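So the chains spell out like this:
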Amino acid sequence: MSTTTLARSTPESQGVPSSAIQAFVESVEKAGLELHSLMLLRHGRVIAEGWRYPYAADHPHAMHSLSKSFTSTAIGIAVDEGRLTVDDPVLTYFPDDAPKRPSADLKAMQVRHLLSMSTGHDQDTTGYMRGRKDANWARAFLARPVVYEPGTHFLYNTGATYMLSAILQKLTGCTLLEYLGPRLFDPLGIEGATWEVCPRGVNTGGFGLSIKTEDIARFGQLYLQRGAWQSRQLVSKAWVAEATKKQIDNGDDPDSDWAQGYGYQFWRCRHNAYRGDGAFGQYCVVLPQQDAVLAITGAVNDMQAVLDLAWTHLLPAMSRYPLPADEEADAALRHKLTGLKLPLPKGQPNPALAARITGDAYVFATNRTGIEAVRLNFEGPIARVMMRDRRGDHVAVCGAGQWLHGKSSFLGPSEEERPVAAAGAWTAPDTYRAQLCFYEQGVTLTATHTLTDDALRYRLEANVGFGPTKTPQLVGRRAEPPSG
């Protein structure tokens, strides 16, 4: 298997009907679940792959908490190298950041408890860490009360994963991303990976990794092969076994894939599978009994629904033996997967209204969103959508009936310009709707502009988010042009 390209094969030759994969894709669409990409591997070969345009194979995508499984892998490699053990007390790595009188439970917290989300906290520590004025996330983590004896209570705690990253950096003198480069990413052929850092230059660990869909698939295949890749043992078999088995109970719902046990930054699944996953539909699902890997990116709020459909359509369709060739079904599946697209805004042109409002600024009274003004400029079918808020001025250029690629700082919270594909349409005689797809973040913003004689009703909405996804409707007044 090449480090640069995974082998491809037809579904039937690997024991999976093309029709079953197509049924999975269509059922996802019918359920209104926004998947951005998928790649299905069987016996080490890609048997199905597709990206919902403007998402594409060569675009990285935010992994969110799927990052955690890569952090666990880095710790596993460091354990294999003899740099630390899972029994090491956490406090030994942070003598200058520990409370003056650490509790007995804090003293008892070990690296294994960070890995298994059993630190003893009763609240996720991430918010406290990010809100600390001195930007010392490790000190903030250690200052939080440890309510339970470590190892006895499961709590999904992204701060714990950050601490793993911080420990690794203390041990090696390099960031998590730098450490994984020659040990994992380079051998797997993962190029262009990026990872967010905290204010002190430590990779965030529990989130912030961006890679491509095929990179997820390679990572899953590595674990399926028990850490081996092209005759090299990148991660020990012992670590793969420990990381992916149940280390702690996390619920008792037999129908939930979030209650089957938790390993070392991996979730146990039903059907003897396991996975790394991230918010809004980032999945690396490994099915050892079926010798299969499912890699997905998306923007969904019901992540269980995606897994349910995979169990319904994909799992029972996997035969132990090759199936007869089915060229018609294979062609239909390929046509389906190559034709995946995010829907474009649809409507009828309104050149008269577009000409009348072009260049006018609409100003909003002070509001909690911080949005101050909006302006639309139309040049034929192309619209330049502008918005000013407390961060500054933000622009996106929208195509009509097509996505235009560019960069925009519309997506907060920083002023950073990010790759975007934008399109817009007059969806009603008085309403222009712009869709801004930030395909590397997996977020689409929809800006709705409804015009009256001298006012504009404005709303900004995201497809997914960790907080409110929709601003209240704001009413802006047309600014008077300067006199003279």
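Let me begin by describing the structure that accompanies this report. Please read these numbers as outputs of a predicted model, since none were measured by experiment.

Of the voids in this model, the second largest pocket is the one considered here, and its volume is about 260 Å³. Elements supplying a minimum of two residues to the lining of the second largest pocket: helix H13 (351–357) and strand S17 (418–428). Looking at the lining of the second largest pocket residue by residue, the classes come out as eleven nonpolar, six polar and one charged.

A complete count under the given rule lists 19 aromatic pairs for this structure. Taken together, a centroid distance of 4.9 Å and an interplanar angle of 55 degrees make the contact between Phe-280 and Phe-466 tilted. Placement of Phe-280 in the loop between strand S9 (274–278) and strand S10 (282–287) and of Phe-466 in the loop between strand S20 (455–462) and strand S21 (474–478) is noted, with a sequence separation of 186 residues between them. Here Phe-280 falls in the buried class, since its relative accessible area comes to 10%. Through a chain of ring-to-ring contacts, three or more aromatic side chains come together here, namely Phe-70, Phe-185, Phe-219, Tyr-223, Phe-266 and Tyr-274. The ring centre of Tyr-128 lies 3.5 Å from the NZ or CZ of Arg-144, which sits over that ring.

Here the structure, examined in full by the defined rule, presents 23 salt bridges. Put simply, Lys-246 and Asp-249 hold a salt bridge, and the shortest N to O gap is 2.8 Å. Lys-246 gets classed as partly exposed once you look at its relative accessible area, which sits at 46%. Put simply, Glu-461 and Lys-470 hold a salt bridge, and the shortest N to O gap is 4.0 Å.

This next bit is on the sheet that holds strand S8 (residues 267–268). Strand order in this open sheet of six strands is S2-S1-S11-S10-S9-S8, and the pairing throughout is antiparallel. One side of each edge strand has no neighbouring strand; the edge strands of this open sheet are strand S2 (45–51) and S8. Bridge count between strand S1 (residues 34–42) and S2: six bridges; the pairing is antiparallel. Bridging from a neighbouring strand, Leu-38 pairs with Gly-50 of S2.

An α-helical segment advances 3.6 residues per turn. Residues three or four places apart therefore align on the same side. Residues of helix H10 (residues 237–244) that are buried include every one of Trp-239, Val-240, Ala-243 and Thr-244, and no others. Projected down its long axis, H10 carries its buried residues within an arc of 110 degrees, all on one side. Buried residues in H10 make contact with helix H2 (67–80), helix H4 (111–115), helix H9 (213–224), S8 and S9.

In this section: H9. For H9, spanning twelve residues, the distance from its first C-alpha to its last is 17 Å, which sits close to the expected 16 Å at 1.5 Å a residue. By the criterion of burial, H9 is predominantly enclosed, with twelve of the twelve residues buried. Within H9, the full set of buried residues consists of Thr-213, Glu-214, Asp-215, Ile-216, Ala-217, Arg-218, Phe-219, Gly-220, Gln-221, Leu-222, Tyr-223 and Leu-224.

Attention now moves to the nonpolar core. Within the largest apolar cluster, 76 residues are counted, with the highest numbers of intra-cluster contacts made by Phe-70, Phe-94, Leu-114, Met-163, Leu-180 and Trp-239. It is helix H7 (residues 158–172) that provides the largest number of residues to this core, a total of seven residues. Those residues in contact with Phe-70 that lie beyond four places of it in its chain are Leu-180, Leu-184, Phe-185, Trp-195, Leu-209, Ile-211 and Phe-219. With 33 residues, the next largest nonpolar core counts Leu-33, Ile-47, Met-303 and Leu-337 among its residues.

With that out of the way, let us pick up the environment of Lys-100. Its place among the elements puts Lys-100 in the loop between H2 and helix H3 (104–108). Through-space distance from the C-alpha of Lys-100 to that of Val-285 is 43 Å; in sequence the pair is 185 residues apart.

Below, the discussion takes up the sheet that holds strand S3 (residues 61–62). As summarised here, the arrangement of the three strands in space is S3-S5-S4, forming an open sheet in which the pairing is antiparallel. Of all the strands in the sheet, the pair left with one neighbour each is S3 and strand S4 (194–195). Where S3 and strand S5 (residues 209–211) come together, two bridges link them in antiparallel fashion. Within the sheet, the bridge partner assigned to Ala-62 lies in S5 and is Ser-210.

Both trends apply: most residues other than glycine have a negative phi, and most peptide bonds are in trans. Omega for the peptide link from Tyr-53 to Pro-54 comes to 15 degrees, which places this bond in the cis form. Turning to its location among the elements, Pro-54 is positioned in the loop between S2 and S3. Cis geometry is found at the peptide bond from Gly-412 to Pro-413, where omega equals 5 degrees. For Pro-413, the position within the fold is in the loop between strand S16 (404–408) and S17. Located in the positive-phi region is Met-117, a residue other than glycine, with phi close to 55 degrees. When its relative accessible area of 0% is taken as the criterion, Met-117 is described as buried.

Cut-offs used in this document
Residues numbered from 1 in each chain as written. Predicted model: local features only at pLDDT ≥ 70, side-chain atom pairs only at ≥ 80, totals over all residues. Heavy atoms only, no water. 1 Å grid on protein atoms, 1.4 Å probe; cavity = no way out; pocket = protein on both sides within 12 Å on 5 of 7 lines; lining within 4 Å. Points joined across faces, edges and corners; volume = space filled by probe spheres on them. Helix = DSSP H or I, 4+ residues; strand = E, 2+ residues; numbered from the N terminus. Nonpolar A, V, L, I, M, F, W, Y, C, P; charged D, E, K, R; others polar. Phe/Tyr/Trp six-rings, centres within 6.5 Å; stacked < 30°, edge-to-face > 60°. Buried < 20%, exposed > 50% of the residue type's maximum accessible area, 1.4 Å probe, protein only. Lys NZ or Arg CZ within 6 Å of the ring centre and 35° of its normal. Salt bridge = Lys/Arg side-chain N within 4 Å of Asp/Glu carboxyl O. Pairing = 2+ DSSP bridges. Arc of directions from axis to C-beta. Contact = heavy atoms within 4.5 Å. Expected span 1.5 Å × (residues − 1). Core = buried A, V, L, I, M, F, W, Y, C linked by side-chain atoms within 4.5 Å.

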